[in-house]
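Single-letter residue listing:
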Amino acid sequence: MMDILTFGILGIFALVVCIISIIFLVLTIVFGVIRAIKKKFRKAFIVLLIATTLLGIVDFFTINNLIKSFNEIKRNNDDSINIRQEDGKIILSDNPIEQLFMSDDKKTEIICDYIINKIKTKDYENIKSIFSNDMINNVKNLDEGINKLIDISNENITDFKSQSNGSETHWDSGQHRKTYRFSCEITTDNAKYSIYFECDYENPFNNETLGVNRMVILDENRNILVLVDNETINKGY
């Protein structure tokens, strides 16, 4: 995992290589024109062309690694955010402007990462916290769902991938409730699972529904292993 200092050094290196590449590119063009007009500097042009090409390759891989490192650092910073509930909404970023312009796909990705991190703790209360208070109070087989998540975590989660499956919005008097539907494809040492979630992201009408209100766990053959659903959810409007 790359830290900020290493990322900064890599960024400076990438900048220097880019500047040198631009200089060599300009020289290559100049010597290329001279070569075409006056038939001189053939060797110099070939050397510059080779050097520019090599620098271009170095540029490509350096910038590619820089982008990957930036995404890794950003992802680590996202993981460190204390996702919480405030004023009838799930807070995903300490920067309200960032969250305001965050895409739905990014929001569901962060929520899914948060849920997987909770599942990986194998701790009952930690996992229970991903569900809404309304679901905790009203769904009788929630224990079965939580225990199944613990069983999956005990198999050692080696990989997972999130996918947004849509959203639902209800407007009333200038306020709105928003629900996201998304899934997590989980790979363990023993098997693969698909887990589908329905999660209230924002509900100023009733903040007791914030969090997961429906979860379906399927095995790799698409058989339902567990279904927990707050069918009598009080939406508050």
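The structure displayed is predicted, hence computed values, not measured ones.

Along any regular strand, the residues point their side chains to alternate faces of the sheet. Across the 11 residues of strand β5 (residues 192-202), 8 count as buried, placing the element largely inside the fold. As paired strands, strand β4 (residues 175-188) and β5 are joined by 10 bridges and run antiparallel to one another. When the bridges of β5 are listed, Y180 appears paired with C199. Here β4 hands over to β5 after 3 residues, the two strands then running antiparallel side by side. Bridge count between β5 and strand β6 (residues 211-219): 8 bridges; the pairing is antiparallel. Paired with Y193 across the strands is D219, a residue of β6.

Turning next to the side chain of T209. Looking at the secondary structure, you find T209 in the loop between β5 and β6. By relative accessible area, T209 is classed as buried at 0%.

Together, I46, I50, L54, I57, F60 and F61 line one region of the surface with nonpolar side chains, adding up to about 600 Å² of accessible area. Topologically, F60 is positioned in helix α2 (residues 42-80).

Attention now goes to the pattern of salt bridges. For the structure shown, the criterion picks out 5 salt bridges. Of the charged contacts, one joins K106 and E109 as a salt bridge, the two residues approaching to 4.0 Å between their closest N and O atoms. Of this pair, K106 and E109 are both found in helix α4 (residues 104-120), 3 residues apart, which corresponds to roughly one turn of the helix. Across the salt bridge formed by R177 and D200, the nearest N and O atoms sit 2.9 Å from each other. Separated by 23 residues along the polypeptide, R177 in strand β4 and D200 in strand β5 bring together distant segments of the chain.

We now examine the state of the cysteines. Applying the stated rule across the entire model yields 1 disulfide. Linked covalently through their sulfurs, C112 and C184 form a disulfide whose S-S length is 2.0 Å. You can see C112 sitting in helix α4 and its partner C184 sitting in strand β4, a full 72 residues away along the chain. Judged by relative accessible area, C112 falls into the buried class, the value being 0%.

Not every positive phi belongs to a glycine, and D87 is a case in point at roughly 50°. In this fold, D87 is placed in the loop between β1 (84-86) and β2 (89-91). Positive phi is not limited to glycine here, since N156 has a value of about 75°. With respect to the helices and strands, N156 occurs in the loop between α7 (142-154) and β3 (157-172).

Take α7 next. Its 13 residues place the ends of α7 19 Å apart at the C-alpha level, agreeing with the 18 Å of an ideal helix rising 1.5 Å per residue. Residues of α7 that are buried include every one of L142, G145, I146, L149, I150, I152 and S153, and no others. Here the buried residues of α7 occupy an arc of 160° about the axis, which is enough to place them on one side. Once α7 ends, the next one or two residues include N156, with phi positive near 75°.

Our next topic: the confidence of the model for the protein. Overall, the predicted model of the protein reaches an average pLDDT of 85, with 88% of residues at or above 70. The spread of mean pLDDT over the elements of the protein runs between α2, the lowest at 72, and α7, the highest at 97.

Position of T28 among the secondary structure elements: in helix α1 (residues 4-38). In this structure T28 touches F45, L48, L49 and T52, once residues within four positions along its chain are discounted.

Conventions used here
- Residues numbered from 1 in each chain as written.
- Predicted model: local features only at pLDDT ≥ 70, side-chain atom pairs only at ≥ 80, totals over all residues.
- Heavy atoms only, no water.
- Buried < 20%, exposed > 50% of the residue type's maximum accessible area, 1.4 Å probe, protein only.
- Helix = DSSP H or I, 4+ residues; strand = E, 2+ residues; numbered from the N terminus.
- Pairing = 2+ DSSP bridges.
- Patch = residues over 30% accessible without salt bridge, like charges linked within 9 Å, V, L, I, M, F, W, Y side chains within 5 Å.
- Areas by Shrake-Rupley, 256 points an atom, 1.4 Å probe, with all protein chains shown as cover.
- Salt bridge = Lys/Arg side-chain N within 4 Å of Asp/Glu carboxyl O.
- Disulfide = S-S within 2.5 Å.
- Expected span 1.5 Å × (residues − 1).
- Arc of directions from axis to C-beta.
- pLDDT = per-residue confidence, 0-100.
- Contact = heavy atoms within 4.5 Å.

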